[in-house]
Amino acid sequence: MSENADTAIVIVAAGRGTRAGGDTPKQWRKIGAQSVLSRAVAAFAGFPRIVVVLHPDDMTRGVREFRGRVTLVAGGESRTDSVRNALASLTGSGVDRVLIHDGARPFVSPGVIARVIAALDHAPAAAPALAVTDALWTGAEGRVTGVADRSGLWRAQTPQGFHFDAILAAYRNHPGPAADDVAVARASGLDVAIVEGEEENVKITWPADFARAERHLGRVMDVRIGNGYDVHAFTEGDHVTLCGVRVPHTKALLGHSDADVAMHALTDAIYGALADGDIGRHFPPSDPQWKGAASEIFLAHAAGRARARGYAVSNADVTIVCERPKIGPHAPEMARELARILDADADRVSVKATTSERLGFTGREEGIAALATVTLVRS
Ligand code: MG
């Protein structure tokens, strides 16, 4: 049994809040690739029992988004009614504790959740908050009318945690609306412990909150992966150019540029990670100015496009497929050359090779194939 099996999670997302702008209620709007609500649910991934309270109109959408991973409950007229419905759905489930979280707080951290749960060992209720540090004013008609005392004031966050039977009874005794679950608990005489909240645990409310959340996400986890593949045929000649390194051989590679098949694969991997087309789009083979060109131009262009969008190459891995020439002795120099062009650390660039056991066009030594994978990270 999971160590969290005795703790239920209730995520309240039944509001129609459109203060955040747009036609879609804020909990369904996306930050990066995921909705605000999906992120809030994912923050509790270690908990087997999650109840999500949705507006009745959103139930179909909820089924599609969560596919049985959570229990969906229809919300009521007010937030208080919605939480009451969720608690009723957990009656008799045997849970000891419940954390009630706002579906518009997608960045709650494991640390905040753990602090709330730990505090429930010593108190019937616990919630995260931050001490108010800004000065507080009263104001009217665009003028300051007074300065308020901020000492002893806290900014409340969620999840707010409770012993299940205690909060269930508190809701039953509190028929009207309330500001939050702590207010209901206190009205019922429950002692509520304050634990340290976090600035990142923001509630998405206004349009600017989405922009800030995108930036937050960009700082912590905007990683992109791309792959590339290229083939060039052999022709008459005395060397091939691979990853910018001239390697003596009994043949050459045929191509419009210097036919550096490995560098082309890596270049395409970067364009791919950026969803920015491919090498042929940026450097059309029909354009005579690229005839015989050093492929460094292409790779530097792709890396520059990445940099312009805030991405750095985190690592690159290139595989060259051929029987001959032998790549191994040249691989370290090739990796150094790629790292130089990419402006990446040398230990983040890999060049390796394989044969195809004499099978297929590479096995018959009709040409060379190359594959590349790259990760870009926005820092
Ligand atoms: Mg090519």
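Residues numbered from 1 in each chain as written. Predicted model: local features only at pLDDT ≥ 70, side-chain atom pairs only at ≥ 80, totals over all residues. Heavy atoms only, no water.

Chemist: Even after reading the chapter, I still don't get the overall build of the chain, so can you show me in this structure?
Modeler: Within the chain, the secondary structure is distributed over 12 helices and 19 strands. By the compact-globule yardstick of 21 Å for 379 residues, the chain is too spread out, its C-alpha radius of gyration being 29 Å. Counting only C-alpha atoms and orienting by the principal axes, one finds that the chain spans roughly 90 × 55 × 40 Å. Taken across its 379 residues, the chain has 46% of its residues classed as buried. Sequence-distant contacts, at least 24 apart, represent 70% of the contacts inside the chain between residues at least 6 apart. In the structure as shown, the chain presents an accessible area of about 18,700 Å², 52% of it carried by carbon and sulfur atoms. Positive and negative charge centroids in the chain, built from 42 and 45 side chains respectively, lie 3 Å apart. (Helix = DSSP H or I, 4+ residues; strand = E, 2+ residues; numbered from the N terminus. Rg over C-alpha atoms; globule rule 2.2 N^0.38 Å. Buried < 20%, exposed > 50% of the residue type's maximum accessible area, 1.4 Å probe, protein only. Contact = heavy atoms within 4.5 Å. Areas by Shrake-Rupley, 256 points an atom, 1.4 Å probe, with all protein chains shown as cover. Lys, Arg positive; Asp, Glu negative; His and termini not counted. Charge placed at Lys NZ, Arg CZ, Asp CG, Glu CD.)

Chemist: Help me out: how do you make sense of the nonpolar core in this one?
Modeler: Across soluble globular proteins, you tend to see nonpolar side chains buried next to one another. Within the largest apolar cluster, 49 residues are counted, with the highest numbers of intra-cluster contacts made by Ile320 and Leu342. Those elements giving two or more residues to this core turn out to be β14 (239-242), β15 (245-248), α8 (261-273), α10 (296-308), β17 (311-321), α11 (331-342), β18 (349-354) and β19 (367-378). In terms of residue count, α8 provides more of this core than any other element does, 9 residues in total. Contacts of Leu342, omitting those with residues within four sequence positions, involve Leu266, Ile270, Leu299, Ala303, Arg307, Val313, Ala316 and Val349. Core analysis: the second largest hydrophobic core is formed by 26 residues, Val95, Ala127, Phe164 and Val184 among them. (Core = buried A, V, L, I, M, F, W, Y, C linked by side-chain atoms within 4.5 Å.)

Chemist: Looking at this structure, how should I read the packing of aromatic side chains?
Modeler: Here a ring pair, both rings aromatic, is described through the centre-centre distance and the interplanar angle of the planes. A complete count under the given rule lists 4 aromatic pairs for this structure. Note on Trp290 and Phe298: the rings are 6.3 Å apart at their centroids and 80° apart in plane angle, and the pair reads as edge-to-face. Within the aromatic cluster, the residues linked to one another by ring pairs are Phe283, Trp290 and Phe298. Its guanidinium or amino end placed over the ring of Phe210, Arg29 lies 4.0 Å from that ring's centre, counting from NZ or CZ. (Phe/Tyr/Trp six-rings, centres within 6.5 Å; stacked < 30°, edge-to-face > 60°. Lys NZ or Arg CZ within 6 Å of the ring centre and 35° of its normal.)

Chemist: Could you clarify how one ought to interpret the coordination of the magnesium ion in this entry?
Modeler: Coordination angles at a metal have ideal targets, namely 109.5 degrees for four tetrahedral donors and 90 or 180 degrees for six octahedral donors. At 2.0 to 2.3 Å from the magnesium ion lie its protein donor atoms, namely Asp230 (OD), His232 (NE2) and His264 (ND1). Overall, the relative accessible area of 6% leaves His264 in the buried class. (Donors = N, O, S within 2.8 Å, 3.2 Å for Na, K, Ca; no water.)

Chemist: What is the right way to read unusual backbone geometry from this model?
Modeler: As a rule of thumb, non-glycine residues mostly have phi less than zero, and peptide bonds are mostly trans rather than cis. In this structure, the amide linkage connecting Thr158 to the following residue, Pro159, adopts the cis form with an omega of 10°. Note that Pro159 resides in the loop between β10 (154-156) and β11 (160-163). In this chain, Arg324 is followed by Pro325 through a cis amide linkage whose omega measures 0°. Tracing the backbone shows Pro325 in the loop between β17 and α11. Although it is not a glycine, Glu365 sits at a positive phi angle of roughly 60°. Tracing the backbone through its elements, the reader meets Glu365 in the loop between α12 (360-363) and β19. We classify Glu365 as buried; its relative accessible area is 10%.

Chemist: Can you walk me through the pairing of strand β9 (residues 143-148) in this structure?
Modeler: Every regular strand shows the same layout, with side chains that alternate between the two sheet faces. As paired strands, strand β8 (residues 136-140) and β9 are joined by 5 bridges and run antiparallel to one another. The residue of β9 that forms the bridge with Trp137 is Val147. (Pairing = 2+ DSSP bridges.)

Chemist: Would you explain the sheet that holds β19 in this entry?
Modeler: In any sheet, the strands associate via hydrogen bonds between backbone groups, in a parallel or an antiparallel arrangement. The sheet built from 5 strands is open, its strands ordered β16-β13-β19-β17-β18 with mixed pairing. One side of each edge strand has no neighbouring strand; the edge strands of this open sheet are β16 (251-253) and β18. Strand-to-strand twist across the sheet, computed as the mean angle between neighbouring axes with direction ignored, equals 25°. In this sheet, β18 lies alongside β17 in parallel orientation, the contact comprising 6 bridges. In the strand pairing of β18, Ile320 is matched with Ala353. Each of β17 and β18 touches α11; the most contacted strand, β18, lies at about 140° to it. (Axes fitted to C-alpha atoms, helices over the stretch in contact; angles between N-to-C directions.)

Chemist: Would you explain the pattern of salt bridges in this entry?
Modeler: Opposite charge on two side chains permits pairing when their charged atoms draw close. Scanning the model with the defined rule gives 18 salt bridges in all. Between Asp121 and Arg97 there is a salt bridge whose closest N-O contact spans 3.6 Å. Of this pair, Asp121 sits in the loop between α4 (110-119) and β7 (125-131) while Arg97 sits in strand β6 (residues 97-102); the two residues are 24 residues apart in sequence, bridging distant segments of the chain. What makes Asp121 exposed here is its relative accessible area of 56%. Arg97 gets classed as buried once you look at its relative accessible area, which sits at 14%. We note a salt bridge from Arg348 to Asp345, for which the minimum N-O separation is 4.0 Å. By relative accessible area, Arg348 is classed as partly exposed at 39%. (Salt bridge = Lys/Arg side-chain N within 4 Å of Asp/Glu carboxyl O.)

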